[in-house]
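Each chain, written out:
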Amino acid sequence: QAHPDIVIWGGDTAPHEAAGRKGAPAGATSLGERLDAARARVRASLAAATTLFHTMFPNTPVLPQLGNHDFAMGAMNEAPLGGGWMTQLAADLWKQWLPPSALRTLEWGGYYEHRPVPGLRVAVLNTEVCHIQNMHAFVDGGEAARLQLRWLESVLRGAQNDAETVLVTGHIPPGTWSGCWGNYSAEYEAVVARYAAVVAGQLFGHQHSGSFRMMRSPSHPHINAYGVAFVTPSLAPFLHQNPSFRFYDVAGSPSAIQHFEQYFLNLGSVDPGNQGGPLLWSPGFVPRSALGLSDLSPNAWQGVLNRMWNNETFAIAYRAAEANGRDWMALKGANNGDIRDYLCALTGITDNEYQTCTGKSEEVMIRQYTGSVHTYVLTALFPFHVIMDHFHHVLSGIRPEDWDA
């Protein structure tokens, strides 16, 4: 039985169709009904998961975060700062785990700081402020993102002054390839680079199959990386993945991620008739033993990345290990998707690095992420009702009921 010191709950708890283009479940007809139904599903999902985490880890600090699918439908058009319905709901549900100071920033902006163990701070980000498919992040000029980064810098500076370390965590990893706007990603990297000495680790999710990102100083991208951002695979079986989680070992002085072990549930071996019975979680990817690494330092991961660049067979095998033997992110074929795009994304997170590496423009990058044949056409990025909700006040004669169909 697991006895972790901290549990990080990585977001995207809501059903993945709840925030999708098709909106709410069948049966809801008007826009208002679809919004109400979608939000009800999000509320029910978060409430159920909160109860489950509290039951499973009654004496362990649980640090939840919001993912893009938790912002159902019209929430994508709400300002990510200032106390929207989603952040208010999260603050109400998670008050059992967080102090008042954390609840205030969670309710206001979806992010917070907590000190769950002595000497370690955890900075939980709201990555919806940089999500490519967040309408408000598209039109607000990055103001919400900049405010959050200024807050993050204050957390890192405070830890530096108090001789503490910080574990930074969020849902969407930095980088346009990951779904986070390039300008924010570059600014995030610059902030963390300035305080690299106090950063114990960086943990993200979103991709379901897992991976990592080499973090470099934007002003010196060709110098060795200062850190590694780890992308943990998902507990959800979305994209035909086996549910998975990791144990990270954060230790040392100053503290840093020393080791991790990945576990997964083989859905192919689960007995459908075993309702409510125990599930067998199998050991999966353990990088220090699987790759022969002496540590998980940036230099060690740069060596892994160099090996992948030089050996495509190894790169594809590595991705299969991250995905617990399944097709990585459900990509099939001998090349397992575009392996070069994957390696470029791991190599550098800024738009300049990624575009130079792949030879692709930002338009192509966004088109690949959204799965759309169009890019800077708003309907290719956002659901129609979100666009209309944002612009209808300047469209003479257009009423909300006109786009209910």
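Only a predicted model underlies this, so the values are computations on that prediction, with no experimental measurement involved. (Residues numbered from 1 in each chain as written. Predicted model: local features only at pLDDT ≥ 70, side-chain atom pairs only at ≥ 80, totals over all residues. Heavy atoms only, no water.)

## Side note on the overall build of the protein
Item 1. Across its full length, the protein carries 14 helices and 11 strands.
Item 2. Within the protein, the fraction of its 405 residues that count as buried is 52%.
Item 3. If you take every contact in the protein between residues at least 6 apart in sequence, the share linking residues at least 24 apart comes to 65%.
Item 4. Carbon and sulfur atoms make up 55% of the accessible area of the protein, which amounts to about 17700 Å² in all. (Helix = DSSP H or I, 4+ residues; strand = E, 2+ residues; numbered from the N terminus. Buried < 20%, exposed > 50% of the residue type's maximum accessible area, 1.4 Å probe, protein only. Contact = heavy atoms within 4.5 Å. Areas by Shrake-Rupley, 256 points an atom, 1.4 Å probe, with all protein chains shown as cover.)

## Quick word on the environment of C130
Item 1. Here C130 is to be found in the loop between β4 (120-124) and α4 (135-139).
Item 2. Here the alpha-carbon distance between C130 and A144, two residues 14 residues apart in the chain, equals 8.6 Å.
Item 3. In this structure, C130 is in contact with G179, C180, W181 and Y184, ignoring residues within four places of it in sequence.

## Re the sheet that holds strand β9 (residues 244-251)
The strands making up a sheet associate through hydrogen bonds between their backbones, and the pairing can be parallel or antiparallel.
Item 1. Spatially, the three strands line up as an open sheet ordered β9-β10-β11, and their pairing is antiparallel. Looking at which strands have only one partner, the edges of the open sheet turn out to be β9 and β11 (282-283).
Item 2. Where strand β10 (residues 256-264) meets β11, two bridges bridge the pair, whose relative direction is antiparallel. Residue pairing for β11: F264 is matched across the bridge by S282. (Pairing = 2+ DSSP bridges.)

## Some thoughts on the side chain of E322
Item 1. Structurally, the position occupied by E322 is in helix α9 (residues 312-322).
Item 2. For the buried residue E322, which engages in no salt bridge, the nearest side chain bearing the opposite charge is R246, 4.9 Å off.
Item 3. Only 3.3 Å separates the side chain of E322 from the side chain of W328, close enough to count as a polar contact.
Item 4. Apart from the residues lying within four places of it in its own chain, the contact partners of E322 are S209, G210, S211, F212, P233, Q262, F285, W328 and Y342. (Lys, Arg positive; Asp, Glu negative; His and termini not counted. Salt bridge = Lys/Arg side-chain N within 4 Å of Asp/Glu carboxyl O. Polar contact = N/O pair within 3.5 Å; in protein donor to acceptor, adjacent residues only side chain to side chain.)

## Observations regarding the environment of A193
Item 1. Following the sequence through the fold, A193 ends up in helix α6 (residues 182-194).
Item 2. With near-sequence residues (within four places) excluded, A193 lies in contact with S217 and Y226.

## Looking at the sheet that holds strand β8 (residues 227-231)
Item 1. Pairing within the open sheet is mixed, and its six strands lie in the order β3-β4-β5-β6-β8-β7. Whereas interior strands pair on both sides, the edge strands pair on one side only; in this sheet they are β3 (112-117) and β7 (211-215). With strand direction ignored, the average angle separating the axes of adjacent strands in the sheet is 25°.
Item 2. Two strands pair when backbone bridges link them, and β4 and strand β5 (residues 165-169) are joined in this way by five bridges, in the parallel orientation. Of the residues in β5, the one forming a bridge with A123 is V168. (Axes fitted to C-alpha atoms, helices over the stretch in contact; angles between N-to-C directions.)

## Observations regarding the environment of A48
Item 1. Assignment of secondary structure puts A48 in helix α1 (residues 31-56).
Item 2. We classify A48 as partly exposed; its relative accessible area is 48%.
Item 3. The spatial distance from the C-alpha of A48 to the C-alpha of T13 is 9.6 Å, given a sequence separation of 35 residues.

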